[in-house]
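Notes for the structure review
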Amino acid sequence: MTADATKARPTKNPKARALAAAAAANRRVQRLKAEEEMDLVRWTPEEVVEKELLAFRSVRLLKEACYKRKVYHHKDNGRITFTPEDIRMENARTQVVPIAA
């Protein structure tokens, strides 16, 4: 079976085209909403270590790094939390660039 055979054929029905376009627009809107909601997510140090979002294997070591201000984080009402942006910045900060030979 070739790649051309698996593609859906375009429909000549204008109503079907309109429905397909509306469904595609709806998927785009849902994806944008999910991305916006993802920016509001906050992870605790326990969740960060459990999900392996940062290179820390111990919650205690992660908290100590936060206390020493070595890791990007937030102090929400005195509690350490991490946003997706904090995780991205920390991963970019600790990135190792390979040396070209």
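You'll find the structure just up there.
What comes next concerns the included structure.

1. Description of the overall build of the chain
Secondary structure summary: the chain contains five helices and two strands in total. When the elements of the chain are put in sequence order from the N terminus, they spell out α-α-α-α-β-β-α. Surface accessibility of the chain: about 8,700 Å² in total, with carbon and sulfur atoms responsible for 54%.

2. Focus on helix α5 (residues 84–93)
By the burial criterion, the buried members of α5 are Pro-84, Asp-86, Ile-87 and Glu-90. Around the axis of α5, the buried residues are gathered within 160° of arc, so they sit on the same side.

3. Concerning helix α4 (residues 59–67)
Listed as buried for α4 are Leu-62, Ala-65 and Cys-66. Taken end-on, α4 shows its buried residues confined to a sector of 100°, consistent with a single buried face. Exposed and oriented more than 90 degrees from the buried face of α4 are Arg-60 and Tyr-67. Taken together, the buried residues of α4 touch α3 (45–51) and β2 (79–81). The backbone nitrogen of Arg-60 has a side-chain oxygen 3.2 Å away, supplied by the residue at the start of α4, namely Ser-58.

4. Observations regarding unusual backbone geometry
Residues other than glycine seldom take positive phi values, yet Glu-52 does so here, at roughly 55°. With respect to the helices, strands and loops of the structure, Glu-52 is situated in the loop between α3 and α4. Look at Asn-77: it is not a glycine, yet its phi comes out positive at around 55°. Examined against the element boundaries, Asn-77 turns out to sit in the loop between β1 (74–76) and β2. You can call Asn-77 exposed: its relative accessible area is 82%.

Criteria and thresholds
Residues numbered from 1 in each chain as written. Predicted model: local features only at pLDDT ≥ 70, side-chain atom pairs only at ≥ 80, totals over all residues. Heavy atoms only, no water. Helix = DSSP H or I, 4+ residues; strand = E, 2+ residues; numbered from the N terminus. Areas by Shrake-Rupley, 256 points an atom, 1.4 Å probe, with all protein chains shown as cover. Buried < 20%, exposed > 50% of the residue type's maximum accessible area, 1.4 Å probe, protein only. Arc of directions from axis to C-beta. Contact = heavy atoms within 4.5 Å. Polar contact = N/O pair within 3.5 Å; in protein donor to acceptor, adjacent residues only side chain to side chain.

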